[in-house]
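# Examination of the molecular architecture
The primary structure of each chain is shown beneath.
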Amino acid sequence: MLMPNRTKYRRPHRVSYEGISKAGRTIAFGQYGLVAEEGAYVSSAQLEAARVAMTRYMNRGGQVWIKVFPQLAKTKKPLEVRMGSGKGAPDHWVAVVQKGRILFEVGGVDEATAREALRLGANKLCVETRFVKKGEEAK
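In this report, we go over the structure that sits alongside the text.

Thresholds, definitions, all that
Residues numbered from 1 in each chain as written. Predicted model: local features only at pLDDT ≥ 70, side-chain atom pairs only at ≥ 80, totals over all residues. Heavy atoms only, no water. Helix = DSSP H or I, 4+ residues; strand = E, 2+ residues; numbered from the N terminus. Buried < 20%, exposed > 50% of the residue type's maximum accessible area, 1.4 Å probe, protein only. Areas by Shrake-Rupley, 256 points an atom, 1.4 Å probe, with all protein chains shown as cover. Lys, Arg positive; Asp, Glu negative; His and termini not counted. Charge placed at Lys NZ, Arg CZ, Asp CG, Glu CD. Polar contact = N/O pair within 3.5 Å; in protein donor to acceptor, adjacent residues only side chain to side chain. Contact = heavy atoms within 4.5 Å. Phe/Tyr/Trp six-rings, centres within 6.5 Å; stacked < 30°, edge-to-face > 60°.

Bringing the overall build of the chain into the picture now. In terms of helices and strands, the chain carries two helices and seven strands. Listed N to C, the secondary structure of the chain is β-β-α-β-β-β-β-α-β in terms of helices and strands. With the C-alpha coordinates of the chain rotated into their principal frame, the extents come out at 55 × 30 × 25 Å. Per-residue burial over the chain gives 35% buried out of 139 residues. Taken as a whole, the chain presents about 8,800 Å² of accessible surface, with 49% of it coming from carbon and sulfur. Each charge class in the chain was averaged separately, 25 positive and 13 negative side chains, and the resulting centres sit 9 Å apart.

Take a look at the structure:
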């Protein structure tokens, strides 16, 4: 699972995922990409499941770049605990994804393989996505 080595604060505030992403809107490394069509918190488990699905479909032939990182800790209180007594302990890590953000990039394979691999990866995520080629993502 992806998670930061250390953070400044153990239990951070919630960051808004509303609006349009300012950064990470262009394909930088590969030829094809997966763009988020809505904002959401994407967990590190979802990112890892998507990465595994893509690399398995490509038979480890191409290369996959993950363009988001889960650096926000989400907290949870234990079951059957009364209200109050402060905030819960960190439970899992999420990446804050806004609309228009490139989530994954794929290179080194043909378009049909990349399209199917990114479709399989998109099924593991909690956001609506679309397939883009290099140079057409600025719509």
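Picking up where we left off.
As for its placement among the helices and strands, E105 is situated in strand β6 (residues 102-107). Judged by its relative accessible area of 0%, E105 falls in the buried class. For E105, the side chain forms a polar contact with the main-chain nitrogen of G30, separated by 2.9 Å. Apart from residues no more than four positions distant in its own chain, E105 is found in contact with T26, I27, A28, F29, G30, Y32, G33, Q63, V64, W65 and K67.

In this description, a pair of aromatic rings is defined by centroid distance and the angle of the planes. Per the counting criterion, the structure on display carries three aromatic pairs. Note on Y17 and Y41: the rings are 5.0 Å apart at their centroids and 80 degrees apart in plane angle, and the pair reads as edge-to-face. Highlighted residues: Y17 in the segment before β1 (32-36) and Y41 in strand β2 (residues 40-43), separated in sequence by 24 residues. By relative accessible area, Y17 is classed as partly exposed at 28%. Ring plane angle 25 degrees and centroid distance 5.5 Å describe the contact between Y32 and F131, whose orientation is recorded as stacked. Taken as a pair, Y32 in strand β1 and F131 in strand β7 (residues 129-133) lie far apart in primary sequence, 99 residues in all. Neither Y32 nor F131 differs from the other in exposure class; each is buried.

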